[in-house]
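What the coordinates show
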Amino acid sequence: MKRLKDKMSTEELANCLGMTRQTINRWIREQHWQTEPMPGVKGGRARLIHITQQVRDFLANTPALLHVDEADAQMNEPAKSYSTNEADVIWQQISDTLQVMTPDEMEKLNVLLRREGICGFMSRLGLSETQA
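Thresholds applied
Residues numbered from 1 in each chain as written. Predicted model: local features only at pLDDT ≥ 70, side-chain atom pairs only at ≥ 80, totals over all residues. Heavy atoms only, no water. Helix = DSSP H or I, 4+ residues; strand = E, 2+ residues; numbered from the N terminus. Buried < 20%, exposed > 50% of the residue type's maximum accessible area, 1.4 Å probe, protein only. Contact = heavy atoms within 4.5 Å. Areas by Shrake-Rupley, 256 points an atom, 1.4 Å probe, with all protein chains shown as cover. Pairing = 2+ DSSP bridges. Salt bridge = Lys/Arg side-chain N within 4 Å of Asp/Glu carboxyl O. Patch = residues over 30% accessible without salt bridge, like charges linked within 9 Å, V, L, I, M, F, W, Y side chains within 5 Å. Phe/Tyr/Trp six-rings, centres within 6.5 Å; stacked < 30°, edge-to-face > 60°.

1. Some words on the overall build of the protein
Along its length, the protein carries 6 helices and 3 strands. Taken over 132 residues, the protein has a buried fraction of 19%. A separation threshold of at least 6 residues defines the contact pool for the protein, and within that pool the share at least 24 residues apart is 44%. Of the roughly 10500 Å² that the protein leaves accessible, carbon and sulfur atoms contribute 53%.

2. Observations regarding the pairing of strand β3 (residues 47–50)
Bridging between strand β1 (residues 7–9) and β3 involves 3 bridges; their strand directions are antiparallel. Note on β3: the bridge partner recorded for Ser9 is Leu48. In terms of strand pairing, strand β2 (residues 35–37) meets β3 through 3 bridges, oriented antiparallel. Note on β3: the bridge partner recorded for Pro37 is Arg47.

3. Section: the pattern of salt bridges
Oppositely charged side chains can pair when the atoms bearing their charge come close. All told, the structure shown has 6 salt bridges when counted by the stated rule. Notably, a salt bridge pairs Glu30 with Arg26, separated by 3.7 Å at the nearest N-O pair. Taken together, the positions of Glu30 and Arg26, both in helix α2 (residues 21–31) and 4 residues apart, correspond to about one turn of that helix. Take Glu30: its relative accessible area is 45%, and that puts it in the partly exposed class. When its relative accessible area of 35% is taken as the criterion, Arg26 is described as partly exposed. We note a salt bridge from Arg115 to Glu116, for which the minimum N-O separation is 3.7 Å. In this structure, a network of salt bridges that share partners links the residues Arg115, Glu116 and Arg124.

4. Describing a nonpolar patch on the surface
A cluster of nonpolar side chains, Leu113, Ile118, Met122, Leu125 and Leu127, forms an exposed patch at the surface whose accessible area comes to about 450 Å². Structurally, the position occupied by Ile118 is in helix α6 (residues 103–124). A relative accessible area of 55% means that Ile118 is categorised as exposed.

5. Quick look at the packing of aromatic side chains
If you walk through the whole model with that rule in mind, you get 3 aromatic pairs. Taken together, a centroid distance of 5.2 Å and an interplanar angle of 70 degrees make the contact between Trp27 and Phe58 edge-to-face. Within this pair, whereas Trp27 is found in helix α2, its partner Phe58 is found in helix α3 (residues 53–60), the two being separated by 31 residues in sequence. Ring centres 5.5 Å apart and planes at 75 degrees place the aromatic pair Trp33 and Phe58 in the edge-to-face group. Of this pair, Trp33 sits in the loop between α2 and β2 while Phe58 sits in helix α3; the two residues are 25 residues apart in sequence, bridging distant segments of the chain. Taking the relative accessible area as the measure of exposure, Phe58 reaches 22% and is therefore partly exposed. Here the aromatic residues Trp27, Trp33 and Phe58 are joined through ring pairs into a cluster of three or more.

Quick look at the structure:
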């Protein structure tokens, strides 16, 4: 499942899951999810959902969000970017990788970047300018 923020609006969660806002609002009512008013929005209808373990467990066990069959998932071709701009493709790959990193992996990457900087990081990847 995709990485979810600690708090999300119904629209953000719906977009992330490929569902409608109405479905998310129904789940909030039925599952009694914890919410809070969204700052700066009048009327009290806009809410932020607390993405608790209860919410994650529900989403992980929702039939519409489960993979139907592992064999089908393996047969499906991975999504490709059709951008002709190589920089866009690289940024998308970096973004995808960062989204699936664990908090421990993120912290290690953060420490590495602070310690060695971007030049040291590129050198460790074998991409330093002296090797080109």
